[in-house]
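Examination of the molecular architecture
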Amino acid sequence: MGERGILIEFEPEISEKLLEKLLFYKDKLEEFYDEVNVEVINTYNSLLISYMFSIENVYNEVSAIKELFGEAKIGKINNQQIFHLPVCYEDEFGWDLEYISKEKNLSKKEVVELHTKPFYTVFFTGFLPGFLYLGGLDKKLQISRKDQPRMKIEKGAIGIGENQTGIYPKSSPGGWQILGNCPVQFFDKNNDPPCEITAGDKVKFYSVSKEEFEEISERISEGIFQLKKENYEG
Amino acid sequence: MKAEVEILHPGLYSTIQDFGRRGFQKYGVPLSGVMDRIALKTANLILQNQADAAVMEITQMGPKLKFSAATKIAISGANLSPKLNDTEIDNNEVVKIHEGDILSFGRPKYGMRSYLAILDGFKTEKVLGSRSWYDDITSHEKLEKGMNLQYEASEEEKYETHATIKFNDEYLNSEEIEVFAGPEFQKLPETLKSHLRQSKFSIDKNNNRMAIQLGEILENKLDPIITGPVLPGTVQLTPGGKLIVLMRDCQTTGGYPRVLQLSEKGINMMAQKKAGDKIRFSFKY
């Protein structure tokens, strides 16, 4: 892509198997390149090598990459972690919970159960700083976006749009159906890295009451909240 | 000595920028940085600054600024009729500043974005390795009245130089924007491909640091793609048939087909286009 990017595309699918492959190659590329001059990002089915300076000889680069990929036997994702994120699904935050439960013929309780059950896979971060693309939403919860996007969705809001679910890292306009709010700000521009959760990690939501939500918010503002995480053995 | 530029009037839209944030695209953080790198490099070169010293990017209607201490400045990129106190000054020259001097701008003569460099650069906050302003990453998004921006005052002469810089401003006015075929270009029907090669397009009024929309509507039968990587300079084709040229503050991923990719020079040139200007894509292989 242009003078400063090499885009590597794989079969157009969304799967954990492909993610495993992408992250494996991404590690290889990061080892191969000096991180100061090159940044590698992945999406569902692509790797983008983005260079700080114009590429001098694209053929040399491509053959080096091919060689790198050729010898590779794909291994498991390294250092995968599960992050447990609290979500308050009460009416104050779950703006569209009622609507989802009616549309899907489920009680609100069942919607929450279905939403907190999976270990969601983080495929990549994009769209906004700290916005995680999560895979693994239960088919019974898939629902189309709102016809009219809202002008303002609160920071921390959890929504569903088609087969995707995600958390708004900052308040912004948006068309997703909102079912709760997560008080944890896992993207912090003052940290390096600014986000602990990265591609390949797992996210699991757990339901908290309004009181617990406020307690957590308070602990966060005092800087004493500990995000629950553990190693994931796939 | 610490010194400050006071914002007496913010103008239309001005920000502090450098080369941008590297290494955080994987967290969804835009690259940001000056829209026109040629102008940044030129202005810093004139002052013998580091190439990436932070500058002020000024869009169309310039601000009114007051300097608290002596320094030197240089302005490059668009010409927005800069004035020091009551005297008109030129772009691409060293301008000496004395305590209390006021810099203002007038009628835009050519180009869209002007760049104000100051000796040693603006010393505003650095977040994630860059001083480039971006909403929610830095404390400020754009200049506001009453703000104060830090710089290092300097009385002494660095070393007198008599070399002049020959600034080639041809890129500011040229209609030819260098492009490469984008990842989805080959999926376009032949008629649309040749349309992209031959036709003129116009800059829409919908344009900012994230993206510049083009006015023409094309027939688009391409399906959306699975969300994939995008870069500054990526040209997307929307389901409604509009071309969107992504610029420095663009998101890191997108779902519209990526039909073209501007060259670096092409991005710099695009940064200087304003609503109503015409462009033509010149393909580079």
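Below is a short write-up of the structure. Every value quoted in this text rests on a predicted model; they were computed, and no experiment measured them.

Let us now look at the sheet that holds strand E3 (residues 55–59) of chain B. Hydrogen bonds between backbone atoms are what pair the strands of a sheet, whose relative direction is either parallel or antiparallel. Residues and elements named next belong to chain B. Read from one edge to the other, the open sheet built from 5 strands follows the order E2-E3-E10-E5-E8, with strand pairing classed as antiparallel. Looking at the sheet topology across the chains shown, the edges are occupied by strand E2 (13–17) and strand E8 (95–97). Here the average twist between neighbouring strands, direction ignored, is 25 degrees. Two elements, E2 and E3, share 5 bridges in a ladder whose sense is antiparallel. Counterpart to Ile16 in the pairing with E3 is Met56. Contacts between helix H1 (residues 37–46) and the sheet are confined to E2, E3, strand E5 (71–79) and strand E10 (110–118), with E5 contributing the most and set at about 155 degrees to the helix.

Taken together, the contact between chain A and chain B spans 41 residues of the former and 35 residues of the latter. When chain A packs against chain B, close to 3100 Å² is buried across both sides, 60% of that on carbon and sulfur atoms. If you sort the residues of chain A by the area they bury against chain B, Met1(A), Glu39(A) and Lys189(A) come out on top, with a joint share of 21%. Here chain A and chain B share 3 salt bridges between them. Between Asp135(B) and Lys170(A) there is a salt bridge; the shortest N-O distance is 3.7 Å. Counting across the chain A and chain B interface gives 11 residue pairs in polar contact (both at pLDDT 80 or more). Listed by contribution, the elements that provide at least two residues to the side of chain A that touches chain B are strand E1 (5–9), helix H1 (16–32), strand E2 (38–42), strand E3 (46–51) and strand E5 (120–125) of chain A. It is E3(A) that provides the largest number of residues to the side of chain A that touches chain B, a total of 4 residues. Residue classes in the side of chain A that touches chain B are distributed as 19 nonpolar, 12 polar and 10 charged.

The next point concerns the environment of Glu9(A). In this structure, Glu9(A) sits in strand E1. In the structure, Glu9(A) is positioned 179 residues away from Asp188(A) in sequence and 31 Å away in space, judged by C-alpha atoms. Residue contacts for Glu9(A): discarding those within four places in its chain leaves Asn45(A), Ser46(A), Glu184(B) and Arg258(B).

The next point concerns the nonpolar core. Residue and element names in this part refer to chain A. Counting 43 residues, the largest nonpolar core has Leu85, Leu179, Ile197, Val203 and Phe205 as its most contacted members. Listing elements by their share of this core, those giving two or more residues are strand E4 (81–88), helix H3 (97–103), helix H4 (108–116), E5, strand E6 (132–135), strand E8 (157–161), strand E12 (202–208) and helix H5 (210–221). When residues of this core are assigned to their parent elements, the largest contribution, 4 residues, is made by E4. Leu179 has contacts with Cys88, Tyr89, Phe93, Gly94, Leu97, Ile100, Val111, His115, Ile158, Gly159 and Ile160, leaving out every residue within four places of it along the chain.

On to the pattern of salt bridges. Oppositely charged side chains may form a pair once their charged atoms are brought near each other. What the rule picks out here adds up to 29 salt bridges over all chains. A salt bridge links Lys221(B) to Glu219(B); its shortest N-O distance comes to 3.0 Å. As far as burial versus exposure is concerned, Lys221(B) and Glu219(B) are alike and both exposed. In the salt-bridge network here, residues are joined through shared partners; they are Asp91(A), Glu98(A), Lys102(A) and Lys108(A).

Looking now at the packing of aromatic side chains. What the rule picks out here adds up to 21 aromatic pairs over all chains. Between Phe127(A) and Phe131(A), the ring centres sit 5.1 Å apart and the planes meet at 90 degrees, which makes this aromatic pair edge-to-face. Residue Phe127(A) is classed as partly exposed on the basis of its relative accessible area, which comes to 27%. On the basis of an interplanar angle of 40 degrees and a centroid distance of 6.3 Å, the ring pair of Phe24(B) and Tyr27(B) is categorised as tilted. A relative accessible area of 7% means that Tyr27(B) is categorised as buried. Joined through ring pairs, the aromatic side chains of Tyr44(A), Phe123(A), Phe124(A), Phe127(A), Phe131(A), Tyr133(A), Tyr168(A) and Trp176(A) make up one cluster. Sitting above the plane of the Tyr99(A) ring, Lys146(A) keeps its charged end 5.5 Å from the centroid. Over the aromatic face of Tyr206(A) sits the side chain of Lys228(A), whose NZ or CZ is 4.9 Å from the ring centroid.

Reading guide: rules and limits
Residues numbered from 1 in each chain as written. Chains lettered and ligands numbered in written order. Predicted model: local features only at pLDDT ≥ 70, side-chain atom pairs only at ≥ 80, totals over all residues. Heavy atoms only, no water. Pairing = 2+ DSSP bridges. Helix = DSSP H or I, 4+ residues; strand = E, 2+ residues; numbered from the N terminus. Axes fitted to C-alpha atoms, helices over the stretch in contact; angles between N-to-C directions. Contact = heavy atoms within 4.5 Å. Buried area = accessible area lost by both parts, 1.4 Å probe. Salt bridge = Lys/Arg side-chain N within 4 Å of Asp/Glu carboxyl O. Polar contact = N/O pair within 3.5 Å; in protein donor to acceptor, adjacent residues only side chain to side chain. Nonpolar A, V, L, I, M, F, W, Y, C, P; charged D, E, K, R; others polar. Core = buried A, V, L, I, M, F, W, Y, C linked by side-chain atoms within 4.5 Å. Buried < 20%, exposed > 50% of the residue type's maximum accessible area, 1.4 Å probe, protein only. Phe/Tyr/Trp six-rings, centres within 6.5 Å; stacked < 30°, edge-to-face > 60°. Lys NZ or Arg CZ within 6 Å of the ring centre and 35° of its normal.

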